[in-house]
Protein chains: 2
Amino acid sequence: MEKVFKALASEPRRRMLNHLTGGPMTVSEIGAHFDMAMPSISKHLAVLKDAGLVQEQKRGQFVLYSIAADHMANLLYGFLTPFCPEARKIVKDRKRASRQTGGKP
Amino acid sequence: MEKVFKALASEPRRRMLNHLTGGPMTVSEIGAHFDMAMPSISKHLAVLKDAGLVQEQKRGQFVLYSIAADHMANLLYGFLTPFCPEARKIVKDRKRASRQTGGKP
DNA sequence: TTCTTAATTAGGAAATTATCTATGGAGAAA
DNA sequence: TTTCTCCATAGATAATTTCCTAATTAAGAA
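Worth saying up front: this structure is predicted, and the values here are computed from it rather than measured.

Let's talk about the protein's contact with DNA strand C
- Around DNA strand C, 20 residues are found, and the nearest of them are Ser28, Ser42 and Tyr65 of chain A together with Ser40 and His44 of chain B.
- The protein-proximal atoms of DNA strand C, defined as those within 4 Å of the protein, are 74% sugar or phosphate.
- Measuring from a phosphate oxygen of DNA strand C, one finds a side-chain N or O atom of Ser42 of chain A at 2.3 Å.
- Going through the elements one at a time, helix 3 (27-31), helix 4 (38-50) and strand 3 (62-67) of chain A together with helix 4 (38-50) of chain B are the ones with two or more residues in the surface near DNA strand C.
- Across the surface near DNA strand C, the residue classes break down as 9 nonpolar, 8 polar and 3 charged.

In structure tokens, the structure reads:
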């Protein structure tokens, strides 16, 4: 949770996640939406990856990043469980759905 | 969202929220669970309050803090909506339930 | 091979955050 | 009133985060 919330505690990183909802993107494509040097983009993506919020996939000389929306949802629902009883049910339902669609529970 | 995630990006603050699930507590009561000077406790609570994750209530010379679990859940479900379609339904259901129980939508 | 593009790593400056001690203020108790 | 308790604020310092430029690695293209 530490890494997750630290990763989300940055506006550029949250914007990157939003961009990635449109599908996988290369580092340059993502960077095109930001007024920031490329190494900074790369580092932000590394933080998101370290938190498990995105995945990377090398494609020749490119690196494609994609969002790990399911994992992010599981983490946040899990965090909410102690505070919000309904979250427990959501987590359970998600696990069941995941089993049926082939994800490991 | 910036303030919320920055507030949650701290282990002591997340622990404080967990302690508060047991009900309202004074600053000293909360601080008793931490090896930290009182002003630091006070500051962490101020950060949580600024993010809307707790409420404070003065009681004589004491200050009672309590968790704003509903607000926290609404914020996180709202954040998840663009990434996780089911979150939208949850937000909608919560709004409906809130209207029925007297919360303003 | 040599050149170009894509991305990361390295190093350092500036801003933010966390923590402490010391102090201040408001309410209860003596 | 004076004193004590609870809590917040102020100021200083150490640690962390963010961002840049420069250099490096890796893959394609010429």
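Digging into the sheet that holds strand 3 (residues 62-67) of chain B
Residue and element names in this part refer to chain B.
- Pairing in this open sheet of 3 strands is antiparallel, and the strands run 1-3-2 from one edge to the other. Two strands bound the open sheet, and with one partner strand each, they are strand 1 (25-26) and strand 2 (54-59).
- The sheet contact formed by strand 2 and strand 3 spans 6 bridges and is antiparallel. The residue of strand 3 that forms the bridge with Gln57 is Leu64.
- On the sheet, helix 2 (residues 11-20) packs against strand 1, strand 2 and strand 3 and is oriented at approximately 90° with respect to strand 3.

Some points on the domain arrangement of chain A
Residue and element names in this part refer to chain A.
- By the assigned domains, chain A splits into domain 1 (2-67) and domain 2 (70-100).
- Placing the centre of domain 1 and that of domain 2 at their C-alpha centroids yields a distance of 24 Å.
- Facing 7 residues of domain 1, the contacting portion of domain 2 comprises 5 residues.
- When domain 1 packs against domain 2, the two sides together hide about 470 Å² of surface, and 88% of this comes from carbon and sulfur.

Notes on the protein's contact with DNA strand D
- Around DNA strand D, the surrounding shell holds 19 residues, and the nearest of these are Ser40 and His44 of chain A together with Ser28, Ser42 and Gln61 of chain B.
- Each atom of DNA strand D within 4 Å of the protein was assigned to sugar, phosphate or base; sugar and phosphate come to 76%.
- Between Val27 of chain B and DNA strand D, the recorded distance is 3.2 Å, taken from a backbone N or O atom to a phosphate oxygen.
- At 4 residues, helix 4 of chain A tops the list of elements feeding residues into the surface near DNA strand D.
- The residue makeup of the surface near DNA strand D, split by class, is 8 nonpolar, 8 polar and 3 charged.

Digging into the pairing of strand 3 of chain B
All names here are of chain B.
- Judged from the 2 bridges that link them, strand 1 and strand 3 form a sheet pairing that is antiparallel. Paired with Thr26 across the strands is Leu64, a residue of strand 3.
- Counting the residues that bridge the hairpin from strand 2 to strand 3 gives 2 residues, and of these Gly60 lies at a positive phi of roughly 65°.

Procedures and definitions
Residues numbered from 1 in each chain as written. Chains lettered and ligands numbered in written order. Predicted model: local features only at pLDDT ≥ 70, side-chain atom pairs only at ≥ 80, totals over all residues. Heavy atoms only, no water. Near = heavy atom within 4 Å. Polar contact = N/O pair within 3.5 Å; in protein donor to acceptor, adjacent residues only side chain to side chain. Helix = DSSP H or I, 4+ residues; strand = E, 2+ residues; numbered from the N terminus. Nonpolar A, V, L, I, M, F, W, Y, C, P; charged D, E, K, R; others polar. Pairing = 2+ DSSP bridges. Contact = heavy atoms within 4.5 Å. Axes fitted to C-alpha atoms, helices over the stretch in contact; angles between N-to-C directions. Domains from an automatic or database assignment. Buried area = accessible area lost by both parts, 1.4 Å probe.

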